Amino acid sequence: MNPPPDDAVEMESSATVSSGEPKEYSSMREIVDSVGRITLENEQLFQRLIDGERRFRGLAKAVRKVQEEERRRLARDLHDGIGQTLVALRNQLERLAQRVSSDSEVSERLHDSAALTLLALNDTREMSRLLRPPVLDDLGLEAALRWLARSLKERTGLEVELDCDLDDKRFDPDIETLIFRVVQEALTNVVKHADSTNARVTVERTEVDMRVQVSDTGIGFDPRAALGTTADGCGLRGIRDRLELFGGQMELLTAPEAGCTMKMRVPYSQVQQARADA
Ligand SMILES: Nc1ncnc2c1ncn2[C@@H]1O[C@H](COP(=O)(O)OP(=O)(O)O)[C@@H](O)[C@H]1O
Ligand SMILES: [Mg+2]
């Protein structure tokens, strides 16, 4: 902008403008106008931020949904494809073993092979259930958590005490999946890291939210390091991010040698019952 001519400076110093309005009033109006403009721009930017955040949450939820759908498909393929083939193979091996004399080496090998096939079959079924337990879709969250506790006890020896007051009610399927997955990850952490043979899971509903707590009495850890950006793995951060997508939160109460309690809550507006009571 060009500097004002000398005579303009002279005019300004007399504190009036050509309209006759005092100079302070006119510059005051300019300030008010620009504050108004800036406020409006801020509001528009804020609205864009909110819209972007909403779109991002929608997209992230859709990605999770696709991921669960893919897990469901893989679980079915494993169970019905490889699983059925292994059943047929085992039956055939046992029939062959019956045809050869029982004390021959061939019979022994056939029985061993049938036993190995059974191991592979059980592993395949377990993998399929872990990918997406059918009980979660068929019977809901509480039954799925009971299955998870039983299955962990059988596979790893971890004793899980489950205290769940859902009365086998059904909830929004995305919420059932969310809570099942976060408890699954938290219990897997107990098995992998806690050096504890016991864990406790509680699930309760209040007027405003659903509260889930997973605790162990193991070696504990530094939560800031585990949640930091340089931390290995994405389990804990994954739990936190997944909960945030549904307006929920996670709190970690832990310290080295002091066990770990993971508290999670999801607002009830997200948990609404999607189906008639089971
Ligand atoms: N229940 C627990 N007890 C002890 N340490 C834990 C527990 N849960 C998590 N941790 C620690 O936090 C780290 C991060 O956990 P996580 O994000 O789930 O990643 P990952 O399990 O793949 O290592 C773990 O490597 C472990 O050191
Ligand atoms: Mg983990």
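Residues numbered from 1 in each chain as written. Chains lettered and ligands numbered in written order. Predicted model: local features only at pLDDT ≥ 70, side-chain atom pairs only at ≥ 80, totals over all residues. Heavy atoms only, no water.

1. Looking at unusual backbone geometry
The line we're drawing: Strands here are runs of E lasting at least two residues and helices are runs of H or I lasting at least four, both read from the DSSP assignment and numbered beginning at the N terminus. Any residue under 20% of the maximum accessible area for its type is buried, any over 50% is exposed, and the rest in between are partly exposed; the area is computed with a 1.4 Å probe on protein chains only.
With a phi close to 55°, Asp-168 is a non-glycine residue in the positive phi region. Note that Asp-168 resides in the loop between strand 1 (159-164) and helix 6 (173-194). Overall, Asp-168 belongs to the partly exposed group, its relative accessible area being 30%. A positive phi is found at Glu-257, a non-glycine position, where the angle reads about 70°. Relative to the assigned elements, Glu-257 resides in the loop between strand 4 (249-254) and strand 5 (260-267).

2. Some remarks on the environment of Gly-58
Relative to the assigned elements, Gly-58 resides in helix 2 (residues 23-99). In sequence terms Gly-58 and Leu-245 are 187 residues apart; their C-alpha atoms lie 8.4 Å from each other.

3. Re the coordination of the magnesium ion (ligand 2)
Put simply, the test is: Each metal's donors comprise the N, O and S atoms found within 2.8 Å of it (within 3.2 Å for Na, K or Ca). Water is not part of the atom list, so some coordination spheres may appear incomplete.
The protein atoms that coordinate the magnesium ion (ligand 2) are Glu-185 (OE) and Asn-189 (OD1), at distances of 2.1 to 2.2 Å. Of this pair, Glu-185 and Asn-189 both sit in helix 6, four residues apart, which is roughly one turn of the helix. Residue class for Glu-185 comes out partly exposed when judged on its relative accessible area of 25%.

4. Section: the pairing of strand 1
Our working rule: The pairing criterion for strands is at least two bridges between them, as found by DSSP. Every crossover in which the path from the first strand over the helix to the second runs clockwise, viewed with the strands pointing away from the viewer, is termed right-handed.
Strand direction decides the pairing type here: strand 1 and strand 2 (residues 198-205), joined by six bridges, are parallel. Bridge pairing in strand 2 places Asp-163 opposite Thr-202. Read from strand 1 through helix 6 to strand 2, the crossover connection turns out left-handed.

5. Section: the packing of helix 3 (residues 105-131) against helix 5 (residues 141-156)
Rule in force here: An axis is simply a line fitted to the C-alpha atoms; with a helix, the fit covers only the stretch in contact. Between two such axes, the angle follows the N-to-C directions and lies from 0 to 180 degrees. Crossings are classed by handedness, with left-handed meaning an anticlockwise turn of the near helix from the far one by less than a right angle and right-handed meaning a clockwise turn. Whether two residues touch is decided by their heavy atoms; if any such pair falls within 4.5 Å, the residues are in contact. All amino acids are sorted into three groups, where Ala, Val, Leu, Ile, Met, Phe, Trp, Tyr, Cys and Pro are nonpolar, Asp, Glu, Lys and Arg are charged, and the leftover types, Gly among them, are polar.
At their nearest, the axes of helix 3 and helix 5 sit 12 Å apart, and the two run at 145° to each other. Two packed elements cross with a definite hand, and for helix 3 against helix 5 that hand is left-handed. Of the residues in helix 5, those touching helix 3 at Glu-126, Arg-129 and Leu-130 are Trp-147, Ser-151 and Arg-155. Split by residue class, the contact of helix 3 with helix 5 holds two nonpolar, one polar and three charged.

6. Some points on the sheet that holds strand 2
Read across the open sheet, the five strands follow the order 1-2-3-5-4; overall the sheet is mixed. Bordering the open sheet on either side are strand 1 and strand 4, each of which pairs with just one other strand. When the angles between neighbouring strand axes are averaged without regard to direction, this sheet yields 10°. Most of the contacts of helix 5 go to strand 1, to which it runs at about 170°, and overall it touches strand 1 and strand 2.

7. Regarding the packing of helix 6 against helix 8 (residues 235-245)
What counts, and what does not: What sets the label is the angle itself: under 35 degrees gives roughly parallel, over 145 gives roughly antiparallel, 65 to 115 gives roughly perpendicular, and the rest give oblique.
Here helix 6 crosses helix 8 at 160°, and the two axes come no closer than 10 Å. Taken together, helix 6 and helix 8 sit at an angle that is classed as roughly antiparallel. Our pair here, helix 6 against helix 8, has a crossing hand that is left-handed. Within the contact between the two elements, helix 6 uses Thr-177, Leu-178, Arg-181, Val-182, Glu-185, Ala-186 and Asn-189 and helix 8 uses Gly-235, Leu-236, Ile-239, Arg-242 and Leu-243. When its residues are assigned to classes, the contact of helix 6 with helix 8 shows six nonpolar, three polar and three charged.

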